[in-house]
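Coordinate analysis (summary)
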Amino acid sequence: MVLMSQTSPSHGIRTEILQSKSGYTSLFSGANNTNAFRHRTSTVAFPRNSSKSSQNMHVDAIGEKVKRGNKVIVAASPPTEDAVVATEPLTKEDLVGYLASGCKPKENWRIGTEHEKFGFDLKTLRPMTYEQIAHLLNAISERFGWDKVMEGDNIIGLQQGKQSISLEPGGQFELSGAPLETLHQTCAEVNSHLYQVKAVAEEMGIGFIGIGFQPKWERKDIPVMPKGRYEIMRNYMPKVGSLGLDMMFRTCTVQVNLDFSSEADMIRKFRAGLALQPIATALFANSPFTEGKPNGYLSMRSQIWTDTDNNRSGMLPFVFDDSFGFEQYVEYALDVPMYFVYRKKKYIDCAGLSFRDFLAGKLPSIPGEYPTLNDWENHLTTIFPEVRLKRYLEMRGADGGPWRRLCALPAFWVGILYDDISLQNVLDMTADWTQGERQMLRNKVPVTGLKTPFRDGLLKHVAEEVLQLAKDGLERRGYKETGFLNEVAEVVRTGLTPAEKLLELYHGKWGQNVDPVFEELLY
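Let me sum up the structure you'll find in this document.

Calculation notes
Residues numbered from 1 in each chain as written. Predicted model: local features only at pLDDT ≥ 70, side-chain atom pairs only at ≥ 80, totals over all residues. Heavy atoms only, no water. Helix = DSSP H or I, 4+ residues; strand = E, 2+ residues; numbered from the N terminus. Buried < 20%, exposed > 50% of the residue type's maximum accessible area, 1.4 Å probe, protein only. Contact = heavy atoms within 4.5 Å. Areas by Shrake-Rupley, 256 points an atom, 1.4 Å probe, with all protein chains shown as cover. Disulfide = S-S within 2.5 Å. Salt bridge = Lys/Arg side-chain N within 4 Å of Asp/Glu carboxyl O. Axes fitted to C-alpha atoms, helices over the stretch in contact; angles between N-to-C directions. Parallel < 35°, antiparallel > 145°, perpendicular 65-115°, else oblique. Nonpolar A, V, L, I, M, F, W, Y, C, P; charged D, E, K, R; others polar. Phe/Tyr/Trp six-rings, centres within 6.5 Å; stacked < 30°, edge-to-face > 60°. Lys NZ or Arg CZ within 6 Å of the ring centre and 35° of its normal. Left-handed = near helix turned anticlockwise from the far one by under 90°. Expected span 1.5 Å × (residues − 1). Lys, Arg positive; Asp, Glu negative; His and termini not counted. Core = buried A, V, L, I, M, F, W, Y, C linked by side-chain atoms within 4.5 Å. Pairing = 2+ DSSP bridges.

With respect to the overall build of the chain
- Of the regular secondary structure elements, the chain holds 19 helices and 25 strands.
- In the chain, which comprises 523 residues, the share counted as buried stands at 61%.
- Taking as baseline every contact in the chain between residues at least 6 positions apart, the subset at least 24 positions apart corresponds to 72%.
- As displayed, the chain has an accessible area near 19,400 Å², and 49% of this comes from carbon and sulfur atoms.

Shown next as structure tokens:
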């Protein structure tokens, strides 16, 4: 089976559970292609036991669980901490092997959906405070049986089976869903989550809005969550871009995480995902307001990534090189500046330092220490391109939105990437797109959406063809999932992005007042 655990609020980590003949469950990084580094690491084995109390007490991929009374508390540490222990320094081969360990046969491919939303006071529209968030998390835990995730004395998330709830820097509330087989299961998971959150939040006078950028409040109005890694990021962001703090505190996204069968399959999906990511950005564009006024963009969230930290974001043109593979991504990741190292339950500030130096035992913050696979796993979560590779691929180009769109985003990508025919058609369609054209789409779509000129027409015309491929791919899967595309089919048919519909309301029915958006996009 696969555990979805948290390394950061926005990105799940999958850790394979390998069962040995001796009746123990061994935690390790992937069931396939691990030989490259297995001899360098030792694993912790856990007794396999079907009783719930025993399961609640094991050291798992989020950290250490302890029991206080009848409550389970999960210590907030990076995944698999203390479970994978370096017995000698890692090599680049080990890092490549880690990524390759994500390969799995098609029958084991799953769909992992993550979505963020803004909580607000229904009377004042002000963002939820941390105190309100803590109350909400505690109440959801007690009412619906979630385990609490703590950092020191602060509750910072929840975990239940393979799902987790976590907090982004400004209190954005995120569900990292379990790896599921069908889009019906994915949408059911979203509905269950929203039901649980609303059941408690409405009693507190709290609502949640599905939108890509905070529409009303300034950054100074946003609460700061008590998480150590965010403090390091908050101090570093202004040194490398002008919009990084807005990314942290005022954006929400929905993304889907998808599997690959081999290095060649990963490359095909990575290229298709990057080429089409601007189309996804347009279809889901939903962030036209900043501080109560139109901001000149259809996706302000997408625009923010263009000046957050260009060392760790963007369209990754090297993915289209003939030489691209796991090793080339490792080379790229090694050159992305670090944020932190996690030791003894504390984050050590390593912002701007080199993971290559760490690999050589020459990290100034902890000289003489070498990285573990946990450190590599954590480093990979601090890279933010439009498509991100871990032991699966993350599609990262869409704005947060209302619940129907939360089901539509994974449907769009599953239809394209999990069907061989549709994937090949996309690769054929985009094969002669130049790096300049891909970057042009990335730059212009946040402003002009589906009306972005492309070659002899508009991006809308390309989106029509791509949507048909997604629909055909879902048909061939045979699960009757095409209905989940209805939400984006309307966007493609009209050429109007969700953001443009909001702007129409703002200039018309709303009388140039942004406050009604909180009711319009309320979950």
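Here the narrative resumes, following the displayed structure.
Overview of the state of the cysteines
- In total, this model carries one disulfide according to the counting rule given.
- The disulfide partner of C187 is C407, and the gap between their sulfur atoms is 1.9 Å. Sign of the S-S torsion, about 80° for the bond between C187 and C407, identifies this disulfide as right-handed. One end of the pair, C187, is in helix α5 (residues 183–201); the other, C407, is in helix α13 (residues 403–417), and 220 residues separate them in sequence.

Let's talk about the pattern of salt bridges
- A complete count under the given rule lists 32 salt bridges for this structure.
- A salt bridge links K220 to D221; its shortest N-O distance comes to 3.5 Å.
- Measuring nitrogen to oxygen at the nearest pair gives 3.0 Å for the salt bridge that ties R250 to E291. Highlighted residues: R250 in helix α7 (residues 244–250) and E291 in the loop between β16 (289–290) and β17 (293–294), separated in sequence by 41 residues.
- Using a relative accessible area of 5% as the deciding quantity, one classes R250 as buried.
- Linked by salt bridges that have partners in common, K92, E327, E331, D335 and R356 make up one network.

Description of the packing of α13 against helix α16 (residues 459–477)
- Between α13 and α16, whose axes approach to 7 Å, the crossing angle comes to 75°. The angle between α13 and α16 places the two elements in the roughly perpendicular class. For the pair formed by α13 and α16, the contact residues are A411, F412, V414, G415 and I416 on the first element and V466, L469, A470, G473, L474 and R477 on the second.
- Tallied by class, residues from the contact of α13 with α16 come to eight nonpolar, two polar and one charged.

With respect to the packing of aromatic side chains
- All told, the structure shown has 20 aromatic pairs when counted by the stated rule.
- Between the aromatic rings of F270 and Y329, the centroid separation amounts to 5.9 Å while the plane-to-plane angle is 50°, which identifies the pairing as tilted. Of the two residues, F270 sits in helix α8 (residues 263–283) while Y329 sits in helix α10 (residues 326–335), which places them 59 residues apart along the sequence.
- One aromatic cluster is present, formed by F270, F318, F324, Y329 and Y332 through successive ring pairs.
- The residue whose ring lies beneath R312 is Y339, and the NZ or CZ to ring-centre distance is 4.0 Å.
- The ring of W305 has R396 sitting right over it, with the charged end atom 5.7 Å from the ring centre.

A look at the packing of α8 against α13
- Relative to each other, α8 and α13 sit at 150°, their axes nearing to 11 Å. Overall, the two elements α8 and α13 adopt an arrangement that is roughly antiparallel. The interaxial crossing formed by α8 with α13 has right-handed handedness. Taking contact as the criterion, the partners of K269, A272, G273, L276, Q277, I279, A280 and L283 in α8 are, on α13, F412, W413, I416 and L417.
- Residue composition of the contact of α8 with α13, by class: nine nonpolar, two polar and one charged.

Notes on the environment of H193
- For H193, the position within the fold is in helix α5.
- On the basis of relative accessibility, which here comes to 3%, the residue H193 falls in the buried class.
- Residue contacts for H193: discarding those within four places in its chain leaves H115, K117, I165, F173 and L175.

Examining helix α4 (residues 130–144)
- With 15 residues, α4 extends 21 Å between its outermost C-alpha atoms, agreeing within 8% with the 21 Å of an ideal straight helix rising 1.5 Å per residue.
- Within α4, the full set of buried residues consists of Y130, Q132, I133, A134, L136, L137, A139, I140 and S141.

Points about the environment of I165
- For I165, the position within the fold is in strand β12 (residues 163–167).
- The class of I165 is buried, set by a relative accessible area of 2%.
- Between the C-alpha atoms of I165 and L137, which are 28 residues apart in sequence, the distance is 8.7 Å.
- Ignoring anything within four residues of it in the chain, the contact list for I165 reads L137, W146, I156, G157, L158, F173, E174, L175 and H193.

Things to note about the side chain of E174
- Considering the arrangement of structural elements, one finds E174 in strand β13 (residues 173–176).
- Of the side chains with opposite charge, K227 comes closest to the buried, unpaired E174, at an N-O distance of 7.8 Å.

Some remarks on α16
- The terminal C-alpha atoms of α16, which comprises 19 residues, lie 27 Å apart, in line with the 27 Å expected from a rise of 1.5 Å per residue.
- Taken together, the buried positions of α16 are L459, K460, V462, A463, V466, L467, L469, A470, G473 and L474.
- Looking one or two places after α16, you find G478, whose phi comes out positive at around 85°.

A closer look at the nonpolar core
- With 150 residues, the main nonpolar core has F173, F270, Y329, F412, W413 and V517 as its most contacted residues.
- Element by element, the count of residues in this core is highest for α8, at eleven residues.
- In this structure, F412 is in contact with I279, A280, L283, V466, A470 and L485, ignoring residues within four places of it in sequence.

Digging into the pairing of strand β9 (residues 111–121)
- Across the eleven residues that make up β9, a large majority, eleven, are buried.
- Two elements, β9 and strand β15 (residues 253–258), share five bridges in a ladder whose sense is antiparallel. Bridge pairing links G112 to N257 in β15.
- Pairing between β9 and β13: four bridges, direction antiparallel. The residue of β13 that forms the bridge with H115 is L175.
- Looking at chain direction, β9 and strand β14 (residues 206–209) are connected through four bridges and run antiparallel. Looking across to β14, one finds that F118 is bridged to I209.

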